[in-house]
Every structure is written in structure tokens, then in C-alpha cells.
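Reading the structure
Given next are the chains, with one letter for each unit.
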Amino acid sequence: MSDKTVIQGGHVIDGTGIPGRETNIAVVDGLIVEVGPNIAVSEATVIDARKQVVAPGFIDIKTHSDWTLPIMPKAESKISQGVTTEVIGHCGYSCAPVLPGKSNELADYLSPSAPWIKFKTTTFTDYLAQYRALSVNTIHLVGHNTLRLMAMGMEDRTPTQKELDHMASMLVEALDAGALGMSSGLFTAPGSYSETEEMVTLGKILAKRGARYFTHLRDEGNSVFDSIQETMEFANQVGTHVQIVHVKLSGIDNWGNADKLLDLLADARNNGIPVDCDFYPYTAASNPLKNLFPPWLQEGGVERMIHQLGDNSIRERLRLEIKQSGLNNFGQIPDWDAVRISISPDAPQFEGRTISDIAKERGKEDFDVALDYIIEDRGQTRVLVNSIAEEDIIKFIKSSDIMIGSDGNSVSPEGITGKGRPHPRFYGTFPRVLGKYCRDEGHLLLHEAIFKMTGASAKALGLRNRGLIKPGYAADLTIFDPSTISDCSTYENPHQFCTGIAHVIVNGKTAFLDGEHTGTLAGKILSRQKDFIP
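Residues numbered from 1 in each chain as written. Predicted model: local features only at pLDDT ≥ 70, side-chain atom pairs only at ≥ 80, totals over all residues. Heavy atoms only, no water.

Concerning the packing of helix α10 (residues 312-325) against helix α12 (residues 366-376)
Selection criterion: With axes taken as lines fitted to C-alpha atoms, and helix axes fitted only over the stretch in contact, angles between N-to-C directions fall between 0 and 180 degrees. The helix and strand labels rest on DSSP assignments: H or I over at least four residues marks a helix, E over at least two residues marks a strand, and numbering proceeds from the N terminus. Here roughly perpendicular refers to angles of 65 to 115 degrees, roughly parallel to angles under 35, roughly antiparallel to angles over 145, and oblique to all remaining angles. Crossings are sorted by hand: turned counterclockwise from the far helix by less than a right angle, the near helix makes the crossing left-handed, and turned clockwise it makes it right-handed. Working rule for contacts: check all heavy atoms of both residues, and any pair within 4.5 Å makes them a contact.
Put simply, α10 and α12 touch, their axes get as near as 11 Å, and they point 125° apart. It follows from the interaxial angle that α10 and α12 lie oblique. Crossing of α10 over α12 shows right-handed handedness. Residue-level inspection shows Arg315, Leu318, Arg319 and Ile322 of α10 in contact with α12, the latter providing Phe367, Asp368, Leu371, Asp372 and Ile375.

What follows is the structure in C-alpha cells.
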């Protein structure tokens, strides 16, 4: 087979945000070498793209696939959506570094999300060096929660100077290894225990090295605007680019405030603060069940948390705080029917059922059943929380300032990641935007949607020579039928691939051909030093 590929007759939407045109694309040695109507096809592999859209490969700017790619390298649920690049290590969670004697502690901490990963002592440099070949490109972040866990465990206090220096040295090592930046998860322990001085100290290291900061806000519920303001003040003080990930207005008290949020972000940009954000197009969020409760519950680790939940006085304290302030990070929900078991390793029989449903069966109060469940599954359970308004999603869809990120893992219906009922965003985020919100409901034009998935994300990341269809750029390409592209994954039956994606090319190699994965593992680890604009 020739090393030259020509994609003929497609409607090429180049990722810049302008309308597309019918033209051809030539790919040689992993690069786009020509875009135009008269490209020679002799000795080339020809892909007929007539009646289809040819777009840059979609960049999933917000994912947790570092929890699954080590065991699912073909990234089936992402490649089948047209995703060619994933940013991983978000929300303060990363799988490295792991200090000697700390692997079990990290395994316990990440058990609701990565129970199948066998953690071992590693630096970030060795972690990346040992990463296996994948079908997608990956961009790695180091997690602040992981750094804090390694330096001082699950203690709710200010770090000593020695501990802060230790976090700083681990951050520098990760950045020097190629990590694009640091992520934070200030909504949950141990990240929630950190205060301004700690974050600014680490942030200045990011700024000095031209690295970036990605944050899950301290609260996406009733204090969401205070949390955005905290982030803006951090960015202004430190001087580094900030990505607010999976931005949302969670909890019924906050619904309908999308315009206020967009205005706040616009004001920040107008004042010179480098900030971007992304979101996913679903009304349900997902998190470990334990994270729905105040962060103090997790201080000291899993065993102490389980012990505390056996104390009635602790339960009453939790009940009062939830009644007053709503769920941690999620705000007020109508009732516990809004919380559905997603993945529960030690109690899979309850997957797909709501807390209210299980409580009725047991003849107990919803609140107590939620706490009982944490004990029974040792904090490993993940849930879906229906806490977001469709009207706000539509406002975010229409905004050119908000990118698309799935917040999902690369999974497959087959194998260990095919268990449970994960969030449908794992399989359907990008086709959902192109099908439901673009074609069916008409909230934005096709070239506007593709910009939010490609060129805009590449610009926010500072990604060099990707995200556009342009000579000299990497040949990451997605070809789809705009009349049939649709998400099929549902909350009830999530393990379903989308329809409408025909071909996906990663670094010039075909990973998805005629709607089927080829098994090709042509993805690259993209490093800050080589693949990003300083």
C-alpha cells in the first residue's frame, strides 16, 4: 500500500470556523501535504469522501482515559466518535508520580475510577516512557491531588514548607518529562484542603515553564461564581493560561444562569486574563458517590471514612450540611431519584438503579442508603447525578467561547471496561453535538460545531500543527456523514457506538475504516517541549 493517501470529493471543513468547500486532501508520511481540487492520485490510496464531511480529528480536551488506555489501547469509544487526540490526567487525578510505599494509597484513592489499574512506584518520566502504543494521541497532565496525596496523604491542613517543596519538585519533574501542565480538583479531597498560597506557589512554576493550568472548580453548584472568581484571581496573580473544565451550573438553584457565566468569562478575557473552558452536552454529571458529601468526610483515607459513617452523630452532621448547602459540587437536587448507580465493583446488581429506588426496596431513608452504599462498596461506587438544565446546555452549545470535552474515558463494550453503566458521554459526546444540537435542533452551524471540537481546542492548548486541515499539519482526520451522525448511547444502555463516522485517520494511518476499527495504533504522546507553542 502506498504511503500517499488522497481523500477525494469531501466537504472539507478545516477547523478554522469558516464554512467548508468541496475539495481534496493529500496525505504523505503522516502529514497533510496538499489541499485543493486537482491532486494526482496515481500510486495513492484513495478514500472516496463524496457526500461526506472531512474535518480535523476531534480533540477531546477533557478526558480521564489515563484510567483505561493502559488496558484498552484501541480507544474504541473515542476513535468511533472521530476523536484523534485526548487530554488526560484531569481534575487533579493522575496515575503518576507514585512514590515508594504509596501505590496502595493511590489505588484506594482512585478505586472508584480505575479499579483495574495496578499502580507501582514511578516517576512521571518513567510513566510516560512505559506508555504503550495507542490508537489516539495523548496529552498528559499531572494532577495536583496526586501530588498532594504523595507529599502529605489525605490530611486537611496547610502543607509544611518541606511538603510544599516536595510537591513543587514532583511538578517540575512531570513538566520536564513532557506534561503540558497541572490539573486541579479543588472540589474534593485532598485538593479541596489546599488554599491560595499552595496553589499560587505551584502555579508560578507552571508560568515559569510555559505550562498550563486546568481546573475543576472548587464548586460547580451554589458557589460556582465565587469559584470562577477564585480561578480568575489565580490566573491574574500567576500569569498562566487557565482551562476551566466541564463548566456547568449544577443544582436547581443555579439553573438559567448561563448568560451570567458567559459574561463573567468575557469580562475576564477583556481584562487580559487567558482563560478558556469546555463542557459536555448532557444534563447528568458523574462522580464517585463519596464525592457528593463534604470533603472533610474523606480526611484520613478510606478506612477512616468508613469508620466515621458508622457514627450516628457524623451522619446527622452530614444530613444537616447537605440540607443547608446541597450536595458537594452539585448543589440542590430535586430528590435522590436524581442519583443513579453507574459503576459499582462490589455490588454490580444495583447498577442502573437510583438511590431512591434502592431505599424503597430496603425500607430506609434515601440519605441513609446513600451512606450505607459507600460503606458496602468501600467508596468505590460511581454515580450519575442529574443536576444540569438543558437551557444552559443550549446556551453553551451556541457560544463560540466554549469548547467540547467529553469528561469521559475510552472504553469498549467488550472486556473489563464494558461493565457497569457509565455515562453515555463516553460513547456519544461529539456525535451528539453534530447530530442532535447541530443538524436536528439547529442551534449552530456545522462549521461552528467543528471549530469548537478542533481549531478552538488546539488554540486553547497551544497545540502546534494540529487541529486544522492545512498543509504541514499532522494528518489527524475524521470523515463522517452529516445526515446520519448520531449518538446512540443512553443512560439505560450506554455501551453503544455512535453512527455516521466513516473513517478516522491518526498521524496518516487509518484507525477506523468504513465504520470499523482497523486495530492500528498510530497515536503519539504529545509533549510540551516538542508539540506545543511556548
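Let us keep going from here.
Here's the deal with the pairing of strand β8 (residues 137-143)
Filter applied, for reference: Only protein chains enter the accessibility calculation, which uses a 1.4 Å probe. A residue is then buried if its area is under 20% of the maximum for its type, exposed if over 50%, and partly exposed in between. The rule for pairing is simple: two strands pair if DSSP sees at least two bridges between them.
Of all seven residues in β8, seven are buried, a share of seventy percent or more. Alternating residues of β8 divide into Asn137, Ile139, Leu141 and Gly143 and Thr138, His140 and Val142, and every residue in both groups is buried. Sheet topology note: the strand β7 (residues 83-88)/β8 ladder contains four bridges and is parallel. For Val87, the partnering residue across the bridge sits in β8 and is Ile139. Direction of pairing for β8 relative to strand β21 (residues 525-526): parallel, over a ladder of two bridges. Paired with Thr138 across the bridge in β21 is Ile525. Here β8 pairs with strand β9 (residues 181-185) via three bridges, running parallel. Bridged to Gly143 within β9 is Ser183.

Side note on helix α7 (residues 224-238)
Under the convention used in this document: Multiplying 1.5 Å by the helix residue count minus one yields the expected span of that helix.
Its 15 residues place the ends of α7 21 Å apart at the C-alpha level, agreeing with the 21 Å of an ideal helix rising 1.5 Å per residue. Buried residues of α7: Val224, Phe225, Ser227, Ile228, Thr231, Met232, Phe234, Ala235 and Val238, and no others. Against α6 (196-208), β10 (212-216), β11 (242-244), α8 (258-270) and β12 (275-279) lie the buried residues of α7. After α7 finishes, the residue Gly239 shows a positive phi value of roughly 85°.

Quick look at the packing of aromatic side chains
What counts is decided by this rule: Under the pairing criterion, centres of Phe, Tyr and Trp rings, with the six-membered ring standing for Trp, must be within 6.5 Å; the plane angle then separates stacked pairs below 30 degrees from edge-to-face pairs above 60, leaving the rest tilted. A positively charged side chain is recorded as over a ring if its NZ (Lys) or CZ (Arg) lies within 6 Å of the ring centre. The angle to the ring normal must also be within 35 degrees.
Within the structure shown, the criterion is met by 13 aromatic pairs. Seen in terms of ring centroids, Phe58 and Phe480 are 6.4 Å apart; in terms of plane orientation they differ by 55°. Their pairing is tilted. Remark: Phe480 occurs in strand β17 (residues 477-480) and Phe58 occurs in strand β6 (residues 58-60); sequence separation between them is 422 residues. Each of the two residues, Phe58 as well as Phe480, counts as buried. Ring geometry for Phe350 and Tyr373: centres 5.8 Å apart, planes at 70°, overall edge-to-face. You can see Phe350 sitting in the loop between β14 (339-343) and α11 (355-362) and its partner Tyr373 sitting in helix α12, a full 23 residues away along the chain. Pairwise contacts between aromatic rings join Phe58, Phe430 and Phe480 into one cluster. Here Lys260 stacks its cationic end above the ring of Phe225, 4.3 Å away from the centre of that ring.

Notes on the packing of α11 against α12
Keep this limit in mind: When residues are grouped by polarity, Ala, Val, Leu, Ile, Met, Phe, Trp, Tyr, Cys and Pro land in nonpolar, Asp, Glu, Lys and Arg in charged, and all others, Gly among them, in polar.
Running from N to C, α11 and α12 cross one another at 95°; their axes reach a closest spacing of 9 Å. With respect to their mutual orientation, α11 and α12 come out roughly perpendicular. The residues of α12 that touch α11, namely those facing Ile355, Ser356, Ile358, Ala359 and Arg362, are Asp366, Val369, Ala370, Asp372, Tyr373 and Glu376. Residue composition of the contact of α11 with α12, by class: six nonpolar, one polar and four charged.

Side note on the sheet that holds β14
Paired through backbone hydrogen bonds, the strands of a sheet run either parallel or antiparallel to each other. Pairing in this open sheet of three strands is antiparallel, and the strands run β13-β15-β14 from one edge to the other. Bordering the open sheet on either side are β13 (284-288) and β14, each of which pairs with just one other strand. With direction set aside, neighbouring strand axes in the sheet form an average angle of 30°. As judged from the four bridges shared by β14 and strand β15 (residues 382-386), these two strands associate in the antiparallel manner. Across the sheet, residue Ile341 finds its bridge partner in β15, namely Val383.

By themselves, these observations are geometric and do not establish any function.
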